[in-house]
Amino acid sequence: MFKKISTTVLAMMMTASLVLAGCGKSNEPVNKGQNGANDGELAPYEINMVFYGPPQKDLDEIAAEMSKITKEKINATVKLVRIEPAAWAEQSILMLTGNEQVDLIVTGGGDYSRQVAQGQLIALDDLVQKHGQGIVKAFEPEVLGASKVNGQTYAIPTNRDFASHPLVLMRQDMLDKYKLDISSIKTIDDLDAIFKVIHENEPNVNVLGKASAAASIANRLLETRWDILGDYIGVLPNLDELKVVNLYETPEYADMLNTIRRWYLEGYIHKDAATSKETAVDYIKANIGFAVINKGKPGAVGQTENRVDTKLASVDIGSQITSTTSITSIMLGIPTNSKDPDRAMMFLDLLYSDPDLVNLINWGIEGKHYVKVGDSSIDFPPGVDASNSGFNLRQGWMFGNQLLSYTWATDVPNLWEEMDKYNREAKKSAALGFTYNPIPVKTELAAITNVTRQYAMGLETGTIDPEVNLPKFIAALKAAGIDKVIAEKQKQLDEWAKNK
Amino acid sequence: MKAMANGSTLKRAMKYKMLYIMLIPGIVYLLINNYVPMLGMIIAFKDINFAKGILGSDWVGFKNFEYLFKTADAYIITRNTILYNVVFIVVNLVVAVALAILLNEMKNRFMSRFYQSIVLLPHLISSVIIGYLVFSLLSAETGLMNKTILPWLGIDPIMWYNEPGFWPYILTFVKIWSTAGYLCIIYFAAVVGIDQEYYEAATLDGANKFQQILKITIPLITPVIVIMTLMQIGRIFYSDFGLFYQVTLDSGVLLPTTNVIDTYVYRSLLRNGDIGMSSAAGLYQSIVGFIIILISNYAVKKINPDNSLF
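The shown structure was predicted, so the numbers you read here are calculated from the model rather than taken from an experiment.

Chemist: Tell me about the overall build of chain A, and please be specific about residues and values.
Modeler: Secondary structure assignment for chain A yields 20 helices and 16 strands. On C-alpha atoms alone, chain A measures out to a radius of gyration of 25 Å, which is about the 23 Å that the 2.2 N^0.38 rule sets for 500 residues. Over its C-alpha atoms, taken along the principal directions, chain A stretches across nearly 75 × 70 × 60 Å. Scored against the burial criterion, the 500 residues of chain A give a buried share of 57%. In chain A, once contacts between residues fewer than 6 apart in sequence are set aside, the share between residues at least 24 apart is 78%. For chain A, the accessible area works out to roughly 20,900 Å², and carbon and sulfur atoms hold 53% of it. Taking the average location of the 51 positive side-chain charges in chain A and that of its 64 negative ones, the two points are 5 Å from each other.

Chemist: An account of the sheet that holds strand 13 (residues 371-372) of chain A is needed here, citing residue identities and associated values.
Modeler: Residues and elements named next belong to chain A. Spatial ordering of the open sheet is given by 13-14-15, a layout of three strands whose pairing is mixed. Bordering the open sheet on either side are strand 13 and strand 15 (407-408), each of which pairs with just one other strand. Bridge count for strand 13 against strand 14 (residues 377-379) is two bridges, and the pairing is antiparallel. Bridging from a neighbouring strand, Val 371 pairs with Asp 379 of strand 14.

Chemist: Just give me the short version of the side chain of Thr 248 of chain B, but keep the residues and values in it.
Modeler: Structurally, the position occupied by Thr 248 of chain B is in the loop between helix 11 (241-246) and helix 12 (255-258). Look at Thr 248 of chain B and you get buried, because its relative accessible area is 1%. Within the structure, the side chain of Thr 248 of chain B is placed 2.8 Å from the backbone oxygen of Phe 244 of chain B, a separation counted as a polar contact. A polar contact of 3.3 Å, which involves the side chain of Thr 248 of chain B, links it to the backbone oxygen of Tyr 245 of chain B. Excluding its chain neighbours within four sequence positions, the residues that come into contact with Thr 248 of chain B are Thr 275 of chain A together with Tyr 161, Trp 167, Leu 171, Leu 243, Leu 254 and Thr 258 of chain B.

Chemist: Lay out the nonpolar core in plain terms, naming residues and giving numbers.
Modeler: The biggest cluster of nonpolar side chains holds 79 residues, and the ones touching the most others in it are Met 170, Phe 195, Trp 263, Phe 290 and Phe 473 of chain A. For Trp 263 of chain A, the contacting residues outside a window of four places in its chain are Ile 188, Leu 191, Asp 192, Phe 195, Leu 208, Tyr 268, Ile 269 and Ile 293 of chain A.

Chemist: Can you lay out a nonpolar patch on the surface for me, pointing to particular residues and giving the numbers?
Modeler: All names here are of chain B. Among the surface-exposed residues, Ile 227, Met 231, Ile 287, Phe 290, Ile 291, Leu 294, Ile 295, Leu 309 and Phe 310 lie close enough to one another that they form a single nonpolar patch of about 840 Å² accessible area. For the nonpolar patch, the elements supplying multiple residues, two or more each, are helix 10 (209-233) and helix 14 (275-303). Here Met 231 is to be found in helix 10.

Chemist: Can you tell me about the UniProt feature "domain: PI-PLC Y-box" (unreviewed entry) in chain A, naming the residues and giving the values?
Modeler: Cross-referencing UniProt, the feature "domain: PI-PLC Y-box" (unreviewed entry) maps to residues 380-438 of chain A in the present numbering. This span, residues 380-438 of chain A, is 19% helix and 7% strand, and a straight line between its end C-alpha atoms measures 45 Å.

Chemist: Outline helix 10 of chain B, listing residues and values.
Modeler: All names here are of chain B. Spanning 25 residues, helix 10 covers only 31 Å between terminal C-alpha atoms, well under the ideal 36 Å at 1.5 Å per step. Buried within helix 10 are the following residues: Gln 212, Ile 213, Ile 216, Thr 217, Ile 221, Ile 225, Val 226, Met 228, Thr 229, Leu 230 and Ile 233. Looking at the buried positions of helix 10, the neighbouring elements they touch are helix 4 (73-105), helix 8 (167-192), helix 9 (196-204) and helix 14.

Cut-offs used in this document
Residues numbered from 1 in each chain as written. Chains lettered and ligands numbered in written order. Predicted model: local features only at pLDDT ≥ 70, side-chain atom pairs only at ≥ 80, totals over all residues. Heavy atoms only, no water. Helix = DSSP H or I, 4+ residues; strand = E, 2+ residues; numbered from the N terminus. Rg over C-alpha atoms; globule rule 2.2 N^0.38 Å. Buried < 20%, exposed > 50% of the residue type's maximum accessible area, 1.4 Å probe, protein only. Contact = heavy atoms within 4.5 Å. Areas by Shrake-Rupley, 256 points an atom, 1.4 Å probe, with all protein chains shown as cover. Lys, Arg positive; Asp, Glu negative; His and termini not counted. Charge placed at Lys NZ, Arg CZ, Asp CG, Glu CD. Pairing = 2+ DSSP bridges. Polar contact = N/O pair within 3.5 Å; in protein donor to acceptor, adjacent residues only side chain to side chain. Core = buried A, V, L, I, M, F, W, Y, C linked by side-chain atoms within 4.5 Å. Patch = residues over 30% accessible without salt bridge, like charges linked within 9 Å, V, L, I, M, F, W, Y side chains within 5 Å. Salt bridge = Lys/Arg side-chain N within 4 Å of Asp/Glu carboxyl O. UniProt positions renumbered as here; feature names shortened; annotations may be inferred. Expected span 1.5 Å × (residues − 1).

Okay, here's the thing in structure tokens:
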């Protein structure tokens, strides 16, 4: 008896769910961009800008101040939607897959190619033509073109450092204490002599730490020597030649691993480095760290010094390079979820042309979060510091044209001129402007990602022996189909070069 | 049941109509929460493009499933997932029933309550915190094992997060520690519900404690054991993501013994965030779980029809 009823109930539920589903699909909003396209009166609109960063107490105040400017210029208000960096990957996917209104979103790197492939971003070329004169003026055409996928631009790079070089930072006080000379250091293998002295005299110090929680010791060196073509799976070791090779099979990679392994065995690297979330900055701040290998750019040393509160000596290992990846790593795009892409573009253009707006989001409100100490140089107001400021985001590289903003007192005042020079003098990869579409090989990439997660961190922190594990790593990558991925990348690159 | 006429079904339905009305909120909840989202299954067969929408995207057949079976890892993750779960179910069952019986034998009511809370406590701790509790034991440079226990025993320090061989034991221990208490409470409730007269009769016949447990307690709580076990078997192809990802601190070297289907899918899709592929994994897990539960229920029914779920 009970069974019969329950079957009936089940059947009813199935039917009902089908009916409900039928209703569900019809109410999708389709009318996009109906207001704002016409040149006359602009209807009021709220622009939602989504980005990641640490929490800021006065964020709403900043948005209100920004809105005053945008209200006047494009009759729109601004809403700043901040997301915790740790939750960014999941949250941003959910926001774009859900029907939430997002008018501008920070994108870049792997996120960008995925969002383009899945149709989550709007092609911007026409909109830039219409409303984006400020954007066009801010860039060298070559740089602006770097984000093109199949001839169309889906996001605008932020104007910041486009190049980077490998940089070793070491605590000056310790170098002085043991009278160490760093002027003769040319390669990472020259670091051993320094590390040895520090390790012997300061046994409790973690001599070399990671640049960020998720980055291995080798990570920053790889990124600043090769064109990693987006994802390390197939790289250009020679920037002048369009020849994609397997990074993990190169002798340079093996050498680097041997060096790091040696450091690990000597005790320069923390034994838990592969699983630990602690960075070199954490160590140095806590007075138990000494050095870090990071990406260099103008101002990098001073900015790190600010974070660790101690003087740092720096060594540049090689000169700066520019690749598509370094330009497109941080961009702003307009998602298909935007209800008014025209207005979003007008706002985006202001972020590249209106210094007041840029300064607001980069540094906060004058008098409250900063005061001017020179023509274009600023500092904390009296009584305010990094620990109690209501807005100390310091993510100028994320919002439009950073070169329009003030420079902080601890940086050189002409930082942006230096930055511009640094960018122009960088060695440019032959594949600059090429963005790779991973979708045709996504099955292989899924397997490869698992393999790299298994080996790369262990190898690149020296925790496991490259002698034994590098060949295993390479074999596992082959089994997962890396050769097919590299062939696909080469094919896309050749096609791109032909149509360039 | 067939003999029952349609009319009398209706009559009975009328008789219990208040009960059916009370059922409605539950059914609506189920519909909205469990049945409507099932339509999302079609995502597993589509090449999702957000510009075209879910229904407008192209069908791709089983292409989204390919990555699950493509590599040599497919065998390892399937083996790990199922073996770990089998071990967890069996060991959990033994430990939880034993704990429940022990708790029942405790005559001091206050102490009994106290121990119930103690065994339940780990269940309430998030796996991230458990991960760091384990780390404080196993950390290479500062962990209790390497700093204190191993030197005391005269054993060289072990790089725990680099040695896949130890992890099946570590993970089983951690899993039992964190979930046995919860199951134990359910079994304890069943044990408490047993009529004391059985035990009195057994005592009169001269049965000792051990015999009472074996002949009275266990047979009488068997239905609960079967239901609980079947419910766990239904999820045998799902793994405790927190346990396998957080507790191992996502250490890549451990993957040969700690990679399970959920962590594999998570790691695979970290980079490309393809919802078609993740839906494919979810659908695959549900179908395997569904089949396994049908088979095990069928088996239980063959042995003892009263104990089966449906």
